[in-house]
Amino acid sequence: MLKVSLKPVYQRLSYVSIAVVILSVALRCWFNRNIVAETQLNMSETATGGRVTDNEQSLYRLPRIDPVEVGYVRELNLVPGKVHTMRTLSLRPALFEIEDFLSEEECDDIIFMAKTQGLERSKTLGEKVPEGEELSPNRTAERNVPENPEETFQNLDLNADGSIDVAEISQALMELGRVLVDEKFTKKIMKDLTMDPNNDGVITYNEFIKLATDSKMKDITHYLEKIHQTKPNKRTRDSSTAFLDPYEHIDFKPLFDSLRERIHLVTRLPRDMIWSSEDMQVIRYREKQHYHCHFDSDDELEKLLPCCHQVETLDEGELEDMDCIPCRYLTFFYYLNEPTLGGETAFPIADNKTVPVNESLMDGGVNKCDLSDHCYDANLYYKPKRGAALFWYNHLINEETGWLGPLDVMSYHGGCDVLKGTKWAANNWINAGNDRETDMKVWEVSRLVEKDFQERLERYPWEEQTRGEEETPGTEENPGKEETYGNDSLQAAEETSNRGAEQNRIEEKTPGKKDNRGEKETYGEDKSRGQNLTEKEARKEK
């Protein structure tokens, strides 16, 4: 009787025991998995302002934010006492907006640093012009004669059909002459320069060989240079640029550090990757200036060239005449002011249903890459908001390595014409290459640079590293902003009185980074540069 009554109880206890065991195993697996993940995300940091000694989760895979869907909103805690919202603008490229990412004061400080340093003519991606040669079309033509015509022809023949069609010629002319030409204008150039003798609309390899000569390249270069000089709206890029090295603007280094930390909190990219990346670029667009469609990065495997940020870790002897390409996993773009009209950032093919090739940028006769005339024909365009930031991924992830993958062709973008007023913007590019081990060596160099900087701050009193009152702008020794900045003199002088003269560089300039700087503008911005040398520059002069 007793046995019968207890049997259901034993069965129930047995079921409970099995359930408890299953639950315990599940909890243990969950705990172990999360402990591993937490360990990857929280490696030990150095004493130099939170720099990571190990390489966080990036030892395994580059972090990438899931855009989820257009309009998806996340809340972020980036600075004390404020909640930021991050909104998805497109899926390809993965593009996000964060309003009020910069404060009003930070926007003013970045503009102030750029004016203090002076701006230069902006260059296009990969453009290299030796000093003194920019105004010499003949020298430019000599540089453009292909060393290996067969290889050059194959590179220009994008669809590999054995000939270069009008769309491919348009692309080549744009890269060669820094001008944007549509197919109609390309046909005119081909006719004027007898590039297509049989008028069949394509250039064969035999015809290309005849074009790849000194005399013919001079004809083409002079023709394109005339377009560049007389048709500003056809220039691929028309703006002014300054690259800001935090070690040259030590008064504002906390600002740079704060921005980098915010980028880390948003993207979960390793701090070392962010701190070792290129210097901030500041861009100024005046009325009718723009930047037609372009990529911020390039494809290392496709071009068979090393990444520039990795090359910079080599010795100076190894750097001489070495070609490299920019490898930029992610772009963070800041709006420092709001022009009265125009100046939008456009993504002509964002979220296209198909991957574009060549002529797909032509839609019903409209060149969607011409952002002077067809800004609002882009799939997506964003109106500048002071303090806002956009960021997007220029590359996909390599699923085998977990590291940098191919270029995302949907990241094609540009800056529309400023129609009224002036546009100020800035960006941080976050560098990564195909080889993670080489990237980690770059990170190590960056840590050593920061360590050296911190040690110098301890060795030398702060006051000894900065200018005294007798060297502030406006004295006889340093003529001041009115002479230096030309058209911006009054505003710069007002900023100086409000903010005080920027403090000088540290005693010896910490190793810097190569950038894509151009020739000086002729606005009077660099008149007194030679009269305002740092200690290191003064020693070089001696």
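Structure's up top.
This is a predicted model, so every value here is computed, not measured.

(A) Expanded view of unusual backbone geometry. Geometrically, the link from Arg 92 to Pro 93 is a cis peptide bond, its omega value of 0° lying close to zero. With respect to the secondary-structure elements, Pro 93 resides in the loop between β2 (82–90) and β3 (95–98). Look at Asn 199: it is not a glycine, yet its phi comes out positive at around 55°. Within the fold, Asn 199 resides in the loop between α6 (183–192) and α7 (205–211). In this structure, Lys 288 takes a positive phi of about 70° despite not being glycine. Here Lys 288 shows up in the loop between β7 (280–285) and β8 (290–294). Take Lys 288: its relative accessible area is 65%, and that puts it in the exposed class.

(B) Local environment of the state of the cysteines. Under the criterion given, the structure shown has three disulfides. Residue pairing for Cys 307: its cysteine sulfur links by disulfide to Cys 327, the two sulfurs lying 2.0 Å apart. Between Cys 307 and Cys 327, the disulfide has an S-S torsion of -85° and is therefore left-handed. Taken together, the residues span a long stretch of sequence, with Cys 307 in the loop between α11 (300–303) and α12 (308–311) and Cys 327 in the loop between α13 (316–319) and β9 (328–335) at a distance of 20 residues. Here Cys 307 falls in the buried class, since its relative accessible area comes to 0%. Taking the relative accessible area as the measure of exposure, Cys 327 reaches 1% and is therefore buried. One disulfide bridge connects Cys 308 with Cys 324, the sulfur atoms lying 2.2 Å from each other.

(C) The arrangement of the side chain of His 309 in detail. By the secondary structure assignment, His 309 is in helix α12. When its relative accessible area of 8% is taken as the criterion, His 309 is described as buried. Of the polar contacts made by the side chain of His 309, one reaches the side chain of Asp 439; its length is 2.8 Å. Those residues within four positions of His 309 in sequence are excluded, and the remaining contacts are Cys 327, Asn 431, Ala 432, Gly 433, Asp 439 and Val 442.

How each quantity is defined
- Residues numbered from 1 in each chain as written.
- Predicted model: local features only at pLDDT ≥ 70, side-chain atom pairs only at ≥ 80, totals over all residues.
- Heavy atoms only, no water.
- Helix = DSSP H or I, 4+ residues; strand = E, 2+ residues; numbered from the N terminus.
- Buried < 20%, exposed > 50% of the residue type's maximum accessible area, 1.4 Å probe, protein only.
- Disulfide = S-S within 2.5 Å.
- Polar contact = N/O pair within 3.5 Å; in protein donor to acceptor, adjacent residues only side chain to side chain.
- Contact = heavy atoms within 4.5 Å.

Distances and angles like these do not, on their own, reveal function.
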